[in-house]
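Topology and contacts: notes
In case you want the letters, here they are:
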Amino acid sequence: MKKLLVCFIIAVTFISCQTKGAVIEGNVTQDKVDNALHQIYNNYRGKLDMSGAQEYTVVKGDSLSQITRNFYGKLTGVGDAGPSNGFYFPVIMLASDTQIYDPDLIEPGMELTVIDLQKNLANPVSRQAIKDCLIDVAYVYNKKGAPATEAGLKKLADGL
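Below, the structure is looked at part by part.

Rules and cut-offs
Residues numbered from 1 in each chain as written. Predicted model: local features only at pLDDT ≥ 70, side-chain atom pairs only at ≥ 80, totals over all residues. Heavy atoms only, no water. Helix = DSSP H or I, 4+ residues; strand = E, 2+ residues; numbered from the N terminus. Expected span 1.5 Å × (residues − 1). Buried < 20%, exposed > 50% of the residue type's maximum accessible area, 1.4 Å probe, protein only. Arc of directions from axis to C-beta. Contact = heavy atoms within 4.5 Å. Phe/Tyr/Trp six-rings, centres within 6.5 Å; stacked < 30°, edge-to-face > 60°. Lys NZ or Arg CZ within 6 Å of the ring centre and 35° of its normal. Salt bridge = Lys/Arg side-chain N within 4 Å of Asp/Glu carboxyl O.

1. Some thoughts on helix H2 (residues 30–44)
Between its terminal C-alpha atoms H2 stretches 21 Å, which fits the 21 Å expected from 15 residues at 1.5 Å a residue. For H2, every residue scored as buried is listed here: Val33, Asp34, Ala36, Leu37, Ile40, Tyr41 and Tyr44. An end-on view of H2 places all buried positions within 165 degrees of arc, on one side of the element. Those residues of H2 that are exposed and aimed more than 90 degrees away from the buried face are Asp31 and Asn35. Residues of H2 that are buried in the fold lie against helix H4 (89–95) and helix H6 (124–143).

Here it is in structure tokens:
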């Protein structure tokens, strides 16, 4: 009986540590995804160093991962983000306040905020917030049925 109780406690702890943000229960809908992401961003946004941030206006044909690669693609020492650092897209979402809920749904005219990634990764509080945000957004991508994006985000978070 003790072993069963210990296993249960470990399982509950593991599940609860997987995401510090929101939980999506039942069928995945756009509203549930938006609400989960909004909750995640509210958890971590205040921990970023916004000094030196740049503004970017989305134009037709942009994708968030492409914008991310344009700003962070040539950076070194920022962890293993995959091809040209495109998996840092949650950082732009996080910094952009309420402009973006779902990274797959950006529109021309949106004003995005792009933080100084290297400065934020050098700050232990910001670095932890970015790491936790990546893990939480990976959970959302798991629920959306996008295992490649989930894996990329987790790999990046594990390297921070």
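2. A few points about the packing of aromatic side chains
Scanning the model with the defined rule gives three aromatic pairs in all. Taken together, a centroid distance of 6.3 Å and an interplanar angle of 80 degrees make the contact between Tyr72 and Tyr88 edge-to-face. Taken together, the positions of Tyr72 in helix H3 (residues 64–72) and Tyr88 in the loop between H3 and H4 put the pair 16 residues apart, joining distant regions of the chain. The class for Tyr72 is buried, based on a relative accessible area of 2%. Looking at Lys144, its charged tip hangs above the ring of Tyr141, at a distance of 4.8 Å from the centre.

3. Things to note about the environment of Pro103
Mapped onto the fold, Pro103 is located in the loop between H4 and strand E2 (111–114). Residue classification places Pro103 among the buried residues on the basis of a relative accessible area of 7%. A sequence separation of 13 residues divides Pro103 from Pro90, and the C-alpha atoms of the two residues are 7.7 Å apart. Discounting chain neighbours no more than four positions away, the residues touching Pro103 are Leu37, Leu64, Phe89, Met93 and Tyr141.

4. A look at the pattern of salt bridges
Any two side chains of opposite charge can pair, given that their charged atoms come close. Applying the stated criterion to the full structure yields one salt bridge. With a closest N to O distance of 3.0 Å, Glu150 and Lys154 form a salt bridge. One end of the pair is Glu150 and the other is Lys154, both in helix H7 (residues 147–158) and four residues apart, which spans about a single turn. You can call Glu150 buried: its relative accessible area is 12%. Assessed through its relative accessible area of 34%, Lys154 is described here as partly exposed.

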